[in-house]
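Below, each chain spelled out in residue letters.
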Amino acid sequence: MWAINLRIAAVVLGTLAIYTLIANKIPQVQSEVPRALALGADVTPEQLVSAGDELYNGSGGCTACHGLGTRAPNITSDEKGQGAIGARCGSREPGKDCKAYLHEALTRPGAFVVPGYEPIMPDVSRTLSPQQIWALVAYLESLGGTVTVTAADIPAAGGLTPGASPGNTQSGGGSTAFAGGSTDPMAMLRDGGCVGCHKIGEEGGAVGPDLSRVGARLNAAGIREAILAPDAKISPGFENFAGIMPKNYGEQMTAGQLEALVRFLGGRK
Amino acid sequence: MILQAVADTLPLYRDFPIIGSRGAVWIAAELHLMFAAFVLGVPMFAVVAEAIGIFGKDQRYDRLAKEFTRLLLIAYSATAIWGAVLTFLLATLYPRFWAYLTQIFGASMWVYVSIFFFESFTLYLYYYGWDRWKVGRSKIVHWSLGILLNIWGTLVMFIADSWLTYMMTPPRDITPETATTSIKIWHAIMNHTWMPINIHRLIGNVVFGGAIVGAYASYRFLASTSDEERAHYDWMGYVGNFIAIAALIVLPFAGYWLGREIYQYDQSMGITMMGGFMSWLWVIQAFLIAVLFLAGNYYLWIGMGRIPGAERFRPYTKWLLAVLVIGAIVWGTPHTMIADSRELTAMGGSHHPFLGVLGVMSAKNTAVNLMILATFLSFLMYRRANTRPVVPWAKTGTQIQGAMFAIAAAIVLFYGIRGYFVEAIVRIGYSVYQVGAVLACIVFVTVIDVLLARGAESRGTIQWGKMPPRSQYALFILAVTFTWLMGLMGFARSGIRQHWHVWQVIPDTSPYAATPALGYAAIMISVCVLIFLALVGFIFWLGGLAEKSTFVEAKHVGH
């Protein structure tokens, strides 16, 4: 009986040893926690790029999609002969310079989706701090382009809140409201990136529900909820896109802007 | 407010000596889960076996069911002990996070404990009433107790699943700022992955139960001192292996559903799982499943040695082995591995110049579907080995079965090759056709086979017990591999949360927040499997002490 017990123990231990050995022989990749950044007013572009490099190739998880050329655009080397991202970011989206585009791509990824790709990019402001996001922008600019991110862009020095676009920062009052605080609904819809996904009239994309006649199916309270808590109710047929719409519009608009937008959309019947 | 105030004053974390708090919780959770799978899977096994005993009037199955229910009594204690250890560790090592969970799920925890109480007493009634309620209508009442036991067990599992799935996929309207008092419990329970995990675990428990039954039977077979005893445990090992492999074939479909829900909830989470830092995990998984297929088939092929008439099928086994080995190699080929920009540059592109072609889903889906077909064919040959059909359409029926195999294989190959020439979104749809063809083949061929077997002549009696010892070690390898695979998949499910206790709601800021690499995880899994198997071995030994068996004469016919 002892011989049988020993043989069984040998089979069990041998099997476990083989599995453990194989799992230890393959490349070891640990998922790191994004390191908190404390960037002072004297931060240099090189420091920003270095921090961004570490995030991009490590805990940021960017390389899971970017660089493979299948799920998302190739960022680091070349994409359809246009060079690395730093060389092409300034001409990606009309009216947005490289810095503004990259920041938008990270924090409002649904605002502009590169043709040929699915809108799968997550809003990284859910997982990264504003400092980390700016470090990423600096690193991406450095890939074939010029780094224009400075300490002034970073919240502690520049007063930017998460999700706010540098192109929309008011120089005087420090307001972070988009469209420069304007209550013109179409200006807000365009500057907020809404038309990147939603169609309104002849303008806009098809990632989210068409807003051309949104007032016919939602009352004012429903529209307000859809802006402030976009995942509270998902329109039928758009379940696969749940989670894409940024949830921080409430932080980027004044109360006057929000109500103006609600009134405008409520009137589209 | 009082609860919140108490929670706010708790320390965030405490540490555990030597192995750290993560290691301590990992071991307790894993062992609790393994025992829970055992005590949920085996009652399913027992109640089905008892039903076959009642309605098929075969006493062997009734005895089999009772034998396993006896082991359950001890295993329940082990499950409860590890559950208590896990609860105490969570409450003391992660007090603030534990307080958060109890604020949301407190009510369901009370229900959980109540059901566990009912479940335990139903089990006592089920086991101790076995000999008292063994004939007529009272036997049906007894069997109903077995069904009730399974219902309680399933409910307990569903409740516990809601806690862990909430940690993975909390409803999207819940943010770090959301007050726990404003979260409705049913809203938290009905999260994206709750039901897919429930179904996946339900099937997984059947597989696990079958594998452990097989291991138990093989141990008792090897320790048997009489032919009668050896015959009984040989038959029990065959039944356990059959159930494990049959349920394993269905398990990937539940896995696909779970994966799809994860992607729909958060693409980045899905990508982290399949193409991110966990991508190598799936290569290991492919290797483990290849071991399961090979060991399961090997056991069947050796088992054919005790069946008169099986010699005519022996020449085919080498071709089946070839399909399994080639399939395993293709399935285990890496494709999209996480790589940084420097590694991508060194490789000269995103994919390996040669292996990248074999590592795509078209090739892998084709490989795994052909492996399933080969395994089914092995089982069919085993089933047909000692029978000679007498129905007048026997030859035509067999030809139709052969044609179905050929058509299914052709469909699998056609879509596998065509997948290389179409867009990804079209290619994904092809896997449905491949799986559909294989499932249809399995269903229709089985139906024809059952009809063919009507009144079939026997080519000789199956010589239960006439199995070489090496076949029993294959059953051990199956049980170890199933258990290890369960630990690996648990790591995948839990690890995709990365440095979050609750995904994007409660961050893990402890020193153990980083999700470890596969090497470390493998060591932890092996330690857990070793402790589990040692404890199960002890339970088996106790079971042997409790009953010095009296054996029911096996009827030695059919399967």
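Computed from a prediction, not measured in an experiment: that's the story for all the values here. (Residues numbered from 1 in each chain as written. Chains lettered and ligands numbered in written order. Predicted model: local features only at pLDDT ≥ 70, side-chain atom pairs only at ≥ 80, totals over all residues.)

Could you clarify how one ought to interpret the overall build of chain B in this entry?
From N to C terminus, chain B includes 18 helices and four strands. Here the C-alpha atoms of chain B give a radius of gyration of 25 Å, agreeing with the 24 Å that 2.2 N^0.38 yields for 559 residues. With the C-alpha coordinates aligned to their principal axes, the bounding extent of chain B is approximately 75 × 65 × 40 Å. For chain B, with 559 residues in total, the buried portion stands at 45%. Here the contacts in chain B between residues at least 6 apart in sequence split such that 84% fall between residues at least 24 apart. (Helix = DSSP H or I, 4+ residues; strand = E, 2+ residues; numbered from the N terminus. Rg over C-alpha atoms; globule rule 2.2 N^0.38 Å. Buried ≥ 20, exposed ≤ 12 C-beta atoms within 10 Å, placed from the backbone. Contact = placed C-beta atoms within 7 Å.)

Sorry, what's going on with the interface of chain B and chain A here?
Buried accessible area, meaning the area lost when the parts come together, often serves as the stated size of an interface. Taken together, the contact pairs 46 residues of chain B with 41 residues of chain A. Secondary structure elements with two or more residues in the side of chain B that touches chain A: α7 (194-223), α9 (267-274), α10 (279-303), α12 (341-347), α17 (469-495) and α18 (518-546) of chain B. Among the elements that line the side of chain B that touches chain A, the one with the most residues is α18 of chain B, at eight residues. A class-by-class count of the residues in the side of chain B that touches chain A yields 26 nonpolar, 16 polar and four charged. (Nonpolar A, V, L, I, M, F, W, Y, C, P; charged D, E, K, R; others polar.)

What's the story with the confidence of the model for chain B in this structure? I'm lost.
Low-pLDDT stretches of the model should not have their predicted coordinates read in fine detail. All names here are of chain B. Scored by pLDDT, chain B has a mean of 88; 91% of the residues are at 70 or more. Model confidence for chain B, summarised as mean pLDDT per element, is weakest for helix α1 (residues 2-9) at 61 and strongest for helix α6 (residues 185-189) at 96. Within the model, pLDDT remains below 50 along residues 550-559, and this stretch shows 16 contacts once partners closer than five positions in the same chain are excluded. (pLDDT = per-residue confidence, 0-100.)

Help me understand unusual backbone geometry in this model?
Phi is mostly negative for residues that are not glycine, and the peptide bonds are mostly trans. Residue and element names in this part refer to chain B. For Ile18, which is not a glycine, the phi torsion comes out positive at approximately 65 degrees. Tracing the sequence through the fold places Ile18 in the loop between α1 and α2 (20-55). A positive phi angle is found at Lys57, which is not glycine, with a value near 50 degrees. The residue Lys57 is located in the loop between α2 and α3 (59-93) in this model.

Is there a simple way to think about the nonpolar core in this case?
Side chains that are nonpolar tend, in soluble globular proteins, to be buried together. Residue and element names in this part refer to chain B. Within the largest apolar cluster, 158 residues are counted, with the highest numbers of intra-cluster contacts made by Leu373, Leu478 and Phe482. Of all the elements, α2 adds the most residues to this core, at 19 residues. Residues in contact with Leu478, not counting those within four places in the same chain, are Ala211, Gly214, Asn241, Ala244, Leu292, Ala295 and Gly296. (Core = buried A, V, L, I, M, F, W, Y, C linked by C-beta atoms within 7 Å.)

Can you walk me through α7 of chain B in this structure?
Side chains that are three or four residues apart share a direction in an α-helix, a result of its 3.6 residues per turn. In this model, α7 of chain B (30 residues) spans 43 Å end to end at C-alpha, consistent with the 44 Å of a helix rising 1.5 Å per residue. Among the 30 residues of α7 of chain B, 23 are classified as buried, and the element is accordingly described as predominantly covered. (Expected span 1.5 Å × (residues − 1).)

What's the story with the packing of α10 of chain B against helix α11 (residues 314-331) of chain B in this structure? I'm lost.
Packed helix pairs are characterised by how far apart their axes lie and by the angle those axes make with each other. Residues and elements named next belong to chain B. For the pair α10 and α11, interaxial distance at closest approach is 9 Å and the crossing angle is 170 degrees. With respect to α11, the element α10 is oriented roughly antiparallel. When α10 is examined against α11, the residues Ala286, Ala290, Phe293, Leu294, Asn297 and Trp301 are found in contact with a partner set consisting of Thr317, Leu320, Leu324, Ala328 and Trp331. In terms of residue class, the contact of α10 with α11 is built from nine nonpolar, two polar and no charged. (Axes fitted to C-alpha atoms, helices over the stretch in contact; angles between N-to-C directions. Parallel < 35°, antiparallel > 145°, perpendicular 65-115°, else oblique.)

I keep staring at the packing of α2 of chain B against α7 of chain B and nothing clicks. Help me out?
Residues and elements named next belong to chain B. At their nearest, the axes of α2 and α7 sit 7 Å apart, and the two run at 80 degrees to each other. The angle between α2 and α7 places the two elements in the roughly perpendicular class. Within the contact between the two elements, α2 uses Ala37, Phe38, Leu40, Gly41, Val42, Met44 and Phe45 and α7 uses Gly204, Asn205, Val206, Phe208, Gly209, Gly210, Ile212 and Val213. Here the residues of the contact of α2 with α7 sort into 10 nonpolar, five polar and no charged.

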